[in-house]
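A closer look at the structure
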Amino acid sequence: MPHTPGPWIAEVVDRSDWIDIVRMNGKSKSLPFAACKHFDQEANAKLIAAAPDLLAACQFMMRKVEDVRTERRAAGQVTTNQDEAEVAMIQAAIDKATK
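In short, a report on the structure. Because the structure is predicted, anything quoted here is derived from the model rather than measured. (Residues numbered from 1 in each chain as written. Predicted model: local features only at pLDDT ≥ 70, side-chain atom pairs only at ≥ 80, totals over all residues. Heavy atoms only, no water.)

Some words on the overall build of the protein chain
Looking only at helices and strands, the protein chain features two helices and four strands. Starting at the N terminus and walking to the C terminus, you meet the elements of the protein chain as β-β-β-β-α-α. Relative to its 99 residues, the protein chain shows a buried fraction of 19%. Entry remark: accessible area of the protein chain is about 7100 Å², with carbon and sulfur atoms responsible for 60%. (Helix = DSSP H or I, 4+ residues; strand = E, 2+ residues; numbered from the N terminus. Buried < 20%, exposed > 50% of the residue type's maximum accessible area, 1.4 Å probe, protein only. Areas by Shrake-Rupley, 256 points an atom, 1.4 Å probe, with all protein chains shown as cover.)

Given below as structure tokens:
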């Protein structure tokens, strides 16, 4: 399921106490595709706005982790339970965002 590509921003708007989540395209902004009440949802709005960047960072890290795992296997090294738990946590976040 594709998402609206980033970057997204959380923007306080002039209408009362709402924060809109919009997509930036250069200097122009999309119509809002989500909104939160400002007084109790500012942190949620910022997290929503960061979602595309967080997903991209997780996907980048998974590629790097796979490179390291391949190198370790080639050198005869084994991965630890901690390694596997960290990989599972990153993959779970990616899956939550994409499936």
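A look at the nonpolar core
Among the nonpolar cores identified, the biggest contains six residues, and these are Leu55, Met62, Val65, Val87, Ile90 and Ile94. Not counting residues up to four positions away in its chain, the partners in contact with Ile90 are Cys58, Met61 and Met62. (Core = buried A, V, L, I, M, F, W, Y, C linked by side-chain atoms within 4.5 Å. Contact = heavy atoms within 4.5 Å.)

Some details on helix H2 (residues 81-98)
Taking 1.5 Å as the rise per residue, H2 with 18 residues should run 26 Å; its terminal C-alpha atoms sit 25 Å apart, in good agreement. Among the residues of H2, those classed as buried are Asp83, Val87, Ile90 and Ile94. In a view along the axis of H2, the buried residues occupy a sector of 65°, so they form one face of it. Every exposed residue of H2 that faces more than 90 degrees away from the buried side is listed here: Asn81, Gln82, Met89 and Lys96. (Expected span 1.5 Å × (residues − 1). Arc of directions from axis to C-beta.)

Quick notes on the side chain of Arg69
One can find Arg69 in helix H1 (residues 38-74). Setting aside anything within four residues of it in sequence, one finds Arg69 in contact with Thr79, Glu84 and Val87.

As for the environment of Thr98
Residue position: Thr98 is located in helix H2. In this structure, the C-alpha to C-alpha distance between Thr98 and Leu55, residues 43 residues apart in sequence, is 8.9 Å. Here Ile94 takes part through its backbone oxygen, which lies 2.8 Å from a polar atom of the side chain of Thr98. (Polar contact = N/O pair within 3.5 Å; in protein donor to acceptor, adjacent residues only side chain to side chain.)

What to know about the pattern of salt bridges
Counted according to the given criterion, the structure contains four salt bridges. Among the ionic pairs, Glu66 bridges to Arg69, the shortest N-O distance being 3.0 Å. Linking Glu66 with Arg69, this pair stays in helix H1, spanning three residues, or about one helical turn. Judged by its relative accessible area of 31%, Glu66 falls in the partly exposed class. Residues Asp83 and Arg72 are paired through a salt bridge, measuring 2.7 Å at the closest nitrogen-oxygen approach. Residue Asp83 is located in helix H2, and its partner Arg72 is located in helix H1; the two are separated by 11 residues in the primary sequence. Residue Arg72 is classed as partly exposed on the basis of its relative accessible area of 28%. (Salt bridge = Lys/Arg side-chain N within 4 Å of Asp/Glu carboxyl O.)

Some remarks on the environment of Met62
Residue placement: Met62 occurs in helix H1. With relative accessibility at 11%, the residue Met62 sits in the buried group. Met62 sits 25 residues away from Val87 along the chain, and the two C-alpha atoms are 7.3 Å apart.

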